[in-house]
2 protein chains.
Amino acid sequence: MFNDPDQTARANIRTSALELFAAKGPDAVTIREIAAAAGVSPGLVLHHYGSKQGLRNAVDEYVAALFEVLTKGSMADMAAPGADTPGVASGFAELLIGHLPPHSPIPAYLRRLLLADDPAGRQIFRTWYNLTLALTKQGIASGAMRPSADPEVRAAFLMINDLATMLLHKNLAAVVGVDPLTPDGIARWAADAIDAYSTGVFRLENE
Amino acid sequence: MFNDPDQTARANIRTSALELFAAKGPDAVTIREIAAAAGVSPGLVLHHYGSKQGLRNAVDEYVAALFEVLTKGSMADMAAPGADTPGVASGFAELLIGHLPPHSPIPAYLRRLLLADDPAGRQIFRTWYNLTLALTKQGIASGAMRPSADPEVRAAFLMINDLATMLLHKNLAAVVGVDPLTPDGIARWAADAIDAYSTGVFRLENE
DNA sequence: CAGCGTACTGTACAAATGTTCAGTCTGCAC
DNA sequence: GTGCAGACTGAACATTTGTACAGTACGCTG
């Protein structure tokens, strides 16, 4: 899925850049490094993308477009949940990742975009939020979710709680021993999240 | 509070480095830039810290030590909540930030440490998690929190949900219109978080 | 075949940057 | 006063890195 059949040198450069940017961050990657990974000369990188910034923009746009596609795919899953498809409680992030091959650099790149505080990341954040808000209002209307006095904040709350598992999964794996992005980690994590969101975390005083 | 009276050139260099690292990231800051901000020559930076990496380590250690102090202070607040001290629901992050001057670079630096996936950040993450886990178990034992089948994951869940507001507050402010690190943002955010954690988010089927 | 545009290479260059170092100044011990 | 250790400066150096460019190979069009 989403295996780009484009094997031109231009596409190879973009793909290599995507992987290296995701792994080390754009600032820590040199054009020579990208060229070597793509099997071309450094000059060709500039020939196709004008500058390093141009290449960064191209990769950003590519990932943003892919994100839109993934979003639509995840929405379809949401509307018609299959046998083992987790509900909304386990979050959209896992759903998105489920649409990608096992070691795709896309999640790591998305992580950088979301944390970078630049226009590309903010646009993705906005898309994600609008989607979450729509689902939240829909859930409240259908009775699946309890009403909230502040639906906008409620949607943001649910969204970034979900995002947090993607942003911090390495720390979680190292410290807690549960990586919420691995198959068994997902299960443990989702079970507790659903429990927390359903029965609540704090006990009311009059209980 | 925590205004270091150390005004030696050595301390000034560390302070300037801390601010610049927090704002732009260590890789994007040059030794010359730090020296200029501290009002010294570039050579002196190396004289005191040996190398740029040495300076980074020194800043990391300084922030880690400060984090320990802040943690203890926040725990004291937790044990004896004052008039307007929010409960555990609004999270530890806000409590920590409340112990710092308004425009302290510490939160931004902590953010970088936690997202960097290096030993210094992992140690802070670990301290934070151990604290959250202890409070969670204590809350369950006292009856203030509902029991969880998986206390470790429950503690991690609550912790990173809290962290997410700190990591993504800029995106939240730009897209949602609520910055959970500003005074009025805290109020709106905490109210909804407490509501979500108390009465739950999803409606059970038999209700 | 001739011409031309595009992909592509490898060299060269200028700027930035971490680091080294010789040397100066200052304060303190003897 | 003399000597010395440490703070501090400013110039210089080596390396890295983004980029420009001249030149080559190749495929398409006329």
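Residues numbered from 1 in each chain as written. Chains lettered and ligands numbered in written order. Predicted model: local features only at pLDDT ≥ 70, side-chain atom pairs only at ≥ 80, totals over all residues. Heavy atoms only, no water.

Student: Can you tell me about the nonpolar core, naming the residues and giving the values?
Tutor: Taken as a class, soluble globular proteins show a tendency for nonpolar side chains to be buried jointly. Within the largest apolar cluster, 120 residues are counted, with the highest numbers of intra-cluster contacts made by Phe125 of chain A together with Phe125 of chain B. Among all residues touching Phe125 of chain B, those that are not within four sequence positions of it are Leu168, Asn171, Leu172 and Val175 of chain A together with Leu114, Met159, Ile160 and Leu163 of chain B. (Core = buried A, V, L, I, M, F, W, Y, C linked by side-chain atoms within 4.5 Å. Buried < 20%, exposed > 50% of the residue type's maximum accessible area, 1.4 Å probe, protein only. Contact = heavy atoms within 4.5 Å.)

Student: I'd love a proper account of the protein's contact with DNA strand C, names of residues and values included.
Tutor: Around DNA strand C there are 15 residues in total, and Ser41 and His48 of chain A together with Ile31, Arg32 and Lys52 of chain B lie nearest to it. For DNA strand C, the backbone makes up 57% of the atoms found within 4 Å of the protein, where backbone means sugar plus phosphate. Side-chain polar atom of His48 of chain A to a phosphate oxygen of DNA strand C: 2.9 Å apart, as the coordinates give it. With respect to DNA strand C, the backbone of Ile31 of chain B contributes an N or O atom lying 3.0 Å from a phosphate oxygen. (Near = heavy atom within 4 Å. Polar contact = N/O pair within 3.5 Å; in protein donor to acceptor, adjacent residues only side chain to side chain.)

Student: Go over the confidence of the model for chain A, please, and point to the residues and values.
Tutor: Residue and element names in this part refer to chain A. Per-residue confidence for chain A averages 90 on the pLDDT scale, and 90% of its residues sit at or above 70. Ranking the helices and strands of chain A by mean pLDDT puts helix 2 (residues 31-38) first, with 98, and helix 5 (residues 92-98) last, with 87. In the predicted structure, residues 83-89 sits below a pLDDT of 50 and forms eight contacts with residues beyond four places in sequence or in another chain. (pLDDT = per-residue confidence, 0-100. Helix = DSSP H or I, 4+ residues; strand = E, 2+ residues; numbered from the N terminus.)

Student: Run through the relation of the copies chain B and chain A, naming residues and quoting values.
Tutor: Turning chain B through 180° and shifting it by 0.0 Å along the axis lays it on chain A, with an RMSD of 0.0 Å. The relationship between the two copies is best expressed as a two-fold rotation axis. A share of 100% of the interface residues of chain B reappears at the interface of chain A, consistent with the copies meeting face to face through the same patch. (Least-squares fit on C-alpha atoms with pLDDT ≥ 70 in both.)

Student: Break down helix 6 (residues 106-116) of chain A for me, with residues and values.
Tutor: Listing the buried residues of helix 6 of chain A in full gives Ile106, Pro107, Tyr109, Leu110, Leu113, Leu114 and Leu115 of chain A. Backbone geometry just downstream of helix 6 of chain A places Asp117 of chain A in the positive-phi region, at approximately 60°.

Student: Any chance you could break down helix 8 (residues 151-167) of chain B for me, citing the residues and the numbers?
Tutor: Compared with the 24 Å implied by 1.5 Å per residue over 17 residues, the 24 Å span of helix 8 of chain B between its first and last C-alpha is a close match. Taking burial as the measure, the 17 residues of helix 8 of chain B include 15 buried ones, the bulk of the element. (Expected span 1.5 Å × (residues − 1).)

Student: Requested: an account of the protein's contact with DNA strand D, with residues and values cited.
Tutor: As a structural note, the neighbourhood of DNA strand D is formed by 15 residues, with Ile31, Arg32 and Lys52 of chain A together with Ser41 and His48 of chain B the closest of them. A breakdown of the atoms of DNA strand D within 4 Å of the protein gives sugar and phosphate a share of 58%. His47 of chain B places a polar side-chain atom, nitrogen or oxygen, 3.1 Å from a phosphate oxygen of DNA strand D. If you list the elements that add at least two residues to the surface near DNA strand D, you get helix 2 of chain A together with helix 3 (42-49) of chain B. Ranked by residues supplied to the surface near DNA strand D, first place goes to helix 3 of chain B with four residues.

Student: Explain the packing of helix 1 (residues 9-24) of chain A against helix 3 (residues 42-49) of chain A to me, and be specific about the residues and the numbers.
Tutor: Residues and elements named next belong to chain A. Packing of helix 1 against helix 3 brings their axes to within 10 Å, and their N-to-C directions diverge by 100°. Classed by the angle they form, the pair helix 1 and helix 3 counts as roughly perpendicular. Counted together, Ala9, Arg10, Ile13 and Arg14 of helix 1 and Leu44, Val45, His48 and Tyr49 of helix 3 form the full contact between these two elements. Of the residues belonging to the contact of helix 1 with helix 3, the class tally is five nonpolar, one polar and two charged. (Axes fitted to C-alpha atoms, helices over the stretch in contact; angles between N-to-C directions. Parallel < 35°, antiparallel > 145°, perpendicular 65-115°, else oblique. Nonpolar A, V, L, I, M, F, W, Y, C, P; charged D, E, K, R; others polar.)

Student: Give me the environment of Arg14 of chain A: which residues, what numbers.
Tutor: When you line up the elements, Arg14 of chain A lands in helix 1. Taking C-alpha positions, Arg14 of chain A is 9.0 Å from Val45 of chain A, a pair spaced 31 residues apart along the chain.

Student: I'd like a rundown of the interface of chain B and chain A, residues and numbers included.
Tutor: Taken together, the contact between chain B and chain A spans 52 residues of the former and 52 residues of the latter. A combined buried area of about 5500 Å² lies between chain B and chain A, and 63% of that area is made up of carbon and sulfur atoms. For the chain B face of the interface with chain A, the top three residues by lost area are Arg146, Val201 and Phe202 of chain B, together amounting to 14%. The interface formed by chain B and chain A contains six salt bridges. Across the pair Arg188 of chain A and Asp150 of chain B runs a salt bridge, and its minimum N-O distance is 2.8 Å. At the surface where chain B touches chain A, the tally comes to 26 residue pairs in polar contact (both at pLDDT 80 or more). Of all the elements in the fold, those that place two or more residues in the side of chain B that touches chain A are helix 6 (106-116), helix 7 (119-142), helix 8, helix 9 (169-175) and helix 10 (183-199) of chain B. The element that contributes the greatest number of residues to the side of chain B that touches chain A is helix 8 of chain B, accounting for twelve residues. Of the residues in the side of chain B that touches chain A, the class split is 30 nonpolar, eight polar and 14 charged. (Buried area = accessible area lost by both parts, 1.4 Å probe. Salt bridge = Lys/Arg side-chain N within 4 Å of Asp/Glu carboxyl O.)

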